[in-house]
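One-letter residues, chain by chain:
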Amino acid sequence: MNKKLKIIPAILSLILIIIVFISLTAHNQREIEIEFEQKTKIMTKRLEYSLNTYLENLHAIKNFYHSSVKVNRSEFKQFVTPILKRHKGIKALEWIPFVKKEERVLFENQAKSDGYTNFSFTQKNNQGVMAIASKRDKYFPVFYVEPFPDNEKAFGYDLGSDPVRKKALDLCMQTGKPTATDKI
């Protein structure tokens, strides 16, 4: 009987240690969850701020176009260069007009008269190589792009030739709202 009395405190101590361990583990887990939630909220706010800032810059470019009779390449570059300098996350800004098939030659000739003698609307062929864009009812060519030297390959590329981008562009035209593409 004496041995049994000695075992009871040891068992009670073990039970107490297990209860304290479970309690501390649950408390630590809750602290980790709270910290994770706080960091997630901060990151979400930062991401929202960045996206809103980028959208505001796009709206500024749209308003720039709407307030002018015709924006030329020099004016586009002058307007977007400070935006690119302030926002290092933006790698390029482009103007992609909606061009009807009967306007294609007019746009291509405009670029040529701006000094881009080899300009034409392009698309990727079946091998993924840039080629002259096939005839379509509408085009969405990259007509202005800054900074130009880093993005020259995109110049003339018809975003409407890519099904993923075309879907987003069509939706944007239908809704009048900014639209993101699916993964490209």
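Preceding this section is the structure that the text describes.
Residues numbered from 1 in each chain as written. Predicted model: local features only at pLDDT ≥ 70, side-chain atom pairs only at ≥ 80, totals over all residues. Heavy atoms only, no water.

**Remarks on the pattern of salt bridges**
Applied cut-off: Salt bridge criterion: a side-chain nitrogen from Lys or Arg within 4 Å of a carboxyl oxygen from Asp or Glu. A run of H or I in DSSP counts as a helix once it spans at least four residues, and a run of E counts as a strand once it spans at least two, with each numbered from the N terminus. Buried residues are those whose accessible area, probed at 1.4 Å on protein chains only, stays under 20% of the maximum for their type, while exposed residues exceed 50% and partly exposed ones sit between those limits.
What the rule picks out here adds up to 10 salt bridges. For the salt bridge of Glu35 with Lys39, the shortest nitrogen-to-oxygen distance reads 3.1 Å. Taken as a pair, Glu35 and Lys39 lie in helix 1 (residues 2-66) at a separation of 4 residues, close to a single helical turn. Take Lys39: its relative accessible area is 48%, and that puts it in the partly exposed class. For the salt bridge of Lys138 with Asp170, the shortest nitrogen-to-oxygen distance reads 3.1 Å. Highlighted residues: Lys138 in strand 5 (residues 138-139) and Asp170 in helix 5 (residues 163-175), separated in sequence by 32 residues.

**Structural notes on the environment of Ser74**
Summarising the element assignment, Ser74 is placed in helix 2 (residues 73-86). Under the relative-accessibility criterion, Ser74 is labelled exposed at 53%. In this structure the C-alpha to C-alpha distance between Ser74 and Leu106, which are 32 residues apart in sequence, comes to 19 Å.

**Topic: the nonpolar core**
Keep this limit in mind: As used in this record, nonpolar core signifies buried Ala, Val, Leu, Ile, Met, Phe, Trp, Tyr and Cys residues forming a set joined through side-chain atoms within 4.5 Å. The contact rule is simple, with two residues in contact once any of their heavy atoms fall within 4.5 Å.
In terms of nonpolar packing, the biggest core is built from 26 residues, with Ile61, Tyr65, Phe76, Leu93 and Phe121 touching the most fellow members. Breaking this core down by element, the ones donating at least two residues are helix 1, helix 2, helix 3 (104-113) and strand 6 (144-146). Among the elements that line this core, the one with the most residues is helix 2, at 4 residues. Those residues in contact with Ile61 that lie beyond four places of it in its chain are Phe76, Phe79, Val80, Ile83 and Leu93.

**Concerning a nonpolar patch on the surface**
To keep it simple, the criterion reads: Surface patches are drawn from residues lacking salt bridges whose relative accessible area is over 30%; two like charges belong together within 9 Å, two nonpolar side chains (Val, Leu, Ile, Met, Phe, Trp, Tyr) within 5 Å. Each accessible area is a Shrake-Rupley result for a 1.4 Å probe, and residues are judged covered by the shown protein chains and nothing else.
Judged by side-chain polarity, Ile7, Ile8, Ile11, Leu12, Ile15 and Ile19 come together as a nonpolar surface patch covering roughly 560 Å² of accessible area. Examined against the element boundaries, Ile7 turns out to sit in helix 1.

**A look at the side chain of Arg73**
What counts is decided by this rule: Pairs of N or O atoms within 3.5 Å make up the polar contacts considered here, provided that, within protein, one atom can donate a hydrogen while the other can accept it, and that residues adjacent in sequence are counted only when both atoms are side-chain atoms.
Structurally, Arg73 can be placed in helix 2. Given a relative accessible area of 14%, Arg73 falls into the buried group. Side chain to side chain, Arg73 and Asp114 meet in a polar contact 2.7 Å long. Side-chain polar atoms of Arg73 contact the backbone oxygen of Phe143, separated by 2.6 Å. Every residue in contact with Arg73, bar those within four places of it in the chain, is listed here: Ala111, Asp114, Tyr116, Phe143, Tyr144 and Phe155.

**Re the layout of surface pockets**
Regions of empty space are outlined by a rolling probe, equal in size to a water molecule, passed over the atoms. Quick note on the threshold: Here a cavity denotes grid points, spaced 1 Å and computed from the protein atoms alone, that fit a 1.4 Å probe unable to get out, and a pocket denotes an open set having protein on both sides within 12 Å along at least 5 of 7 lines; residues with an atom within 4 Å of a point are the lining. Grid points are joined across faces, edges and corners, and a volume is the space filled by probe spheres set on the points. For this classification, the nonpolar set comprises Ala, Val, Leu, Ile, Met, Phe, Trp, Tyr, Cys and Pro, the charged set comprises Asp, Glu, Lys and Arg, and every other residue, Gly included, is treated as polar.
In this structure, the largest pocket encloses a volume near 1800 Å³. Taken together, 37 residues form the lining of the largest pocket, with Leu58, Glu94, Ile96, Leu169 and Cys172 sitting closest to its centre. Of all the secondary-structure elements, those providing two or more residues to the lining of the largest pocket are helix 1, strand 1 (93-95) and helix 5. Considered class by class, the residues forming the lining of the largest pocket number 26 nonpolar, 6 polar and 5 charged.

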